[in-house]
Amino acid sequence: AFPVSEGVNTKWAVENEQDMAYYEVERSRSAITWEFVGKRPSQGNSSNIKNYELLDPNPYRGAPYYRLKQVDLIHQHYFSNVVSVFLNEDGTLVQV
């Protein structure tokens, strides 16, 4: 995740994508309770690198946390590592 003028942009790449249904981006103020931001469908099975992106146009101020939830075709899910960005109260965006 990284700050952009429109909010916080999340990007990820998947290599050897197999049997994934979709990806969800989640955000949190505390890294304990998570909120849905958006969803991207899988691009299908492939041994090539697939790139994904999702914008959070209304990020939390301060230091919000982001993670990726990967959901496969049988609805099992897996979480990525957690990352954060810093959003100043005056609206300027600085990556942590």
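Structure shown above.
Quick summary incoming for the structure in this document. Since we're looking at a predicted model, the values are computed, not measured. (Residues numbered from 1 in each chain as written. Predicted model: local features only at pLDDT ≥ 70, side-chain atom pairs only at ≥ 80, totals over all residues. Heavy atoms only, no water.)

### A look at the environment of Y23
Turning to its location among the elements, Y23 is positioned in strand β3 (residues 20-28). Looking at Y23, the relative accessible area reads 1%, which means it is buried. When the C-alpha positions of Y23 and L54 are compared, they lie 10.0 Å apart, and in sequence the two are 31 residues distant. What Y23 contacts, discounting residues up to four positions off in sequence, is W12, V14, E17, G38, K39, R40, S42, Y52, L68, K69 and Q70. Among the polar contacts listed, one links the side chain of Y23 to the side chain of E17, at a separation of 2.7 Å. (Helix = DSSP H or I, 4+ residues; strand = E, 2+ residues; numbered from the N terminus. Buried < 20%, exposed > 50% of the residue type's maximum accessible area, 1.4 Å probe, protein only. Contact = heavy atoms within 4.5 Å. Polar contact = N/O pair within 3.5 Å; in protein donor to acceptor, adjacent residues only side chain to side chain.)

### Some words on the nonpolar core
By size, the foremost hydrophobic cluster in this structure holds 12 residues: V8, W12, V14, M20, Y23, V25, Y52, L54, Y66, L68, V85 and L87. Listing elements by their share of this core, those giving two or more residues are β2 (7-14), β3, β5 (50-56) and β6 (65-72). (Core = buried A, V, L, I, M, F, W, Y, C linked by side-chain atoms within 4.5 Å.)

### With respect to unusual backbone geometry
Positive phi values are uncommon outside glycine, yet D19 reaches one of about 60°. Mapped onto the secondary structure, D19 falls in the loop between β2 and β3. With a phi close to 70°, H75 is a non-glycine residue in the positive phi region. For H75, the position within the fold is in the loop between β6 and β7 (77-79).

### Observations regarding the pairing of β3
Of all nine residues in β3, eight are buried; the element is thus mostly enclosed. In this structure, β3 lies alongside β6, joined through eight bridges in antiparallel fashion. The partner of Y23 across the bridge, within β6, is Q70. The antiparallel pairing of β3 with strand β4 (residues 35-41) creates a hairpin that spans six residues between the two strands, and A31 there sits at a positive phi of about 65°. (Pairing = 2+ DSSP bridges.)

### Quick look at the side chain of D72
By the secondary structure assignment, D72 is in strand β6. At 11 Å, K69 is the nearest oppositely charged side chain to D72, a buried residue that forms no salt bridge. Engagement of the side chain of D72 in a polar contact is seen with the backbone nitrogen of I74, the distance being 3.0 Å. A polar atom in the side chain of D72 sits 3.2 Å from the side chain of Y78. Residues in contact with D72, not counting those within four places in the same chain, are D19, M20, A21 and Y78. (Lys, Arg positive; Asp, Glu negative; His and termini not counted. Salt bridge = Lys/Arg side-chain N within 4 Å of Asp/Glu carboxyl O.)

### A short note on the side chain of R27
Among the secondary structure elements, R27 is positioned in strand β3. Here E35 takes part through its side chain, which lies 2.4 Å from a polar atom of the side chain of R27. One polar contact links R27 to D56, side chain to side chain, over a distance of 2.7 Å. When near neighbours in sequence (up to four residues on either side) are disregarded, R27 contacts T33, W34, E35, V37, D56, N58, P59, Y60, Y65 and Y66.

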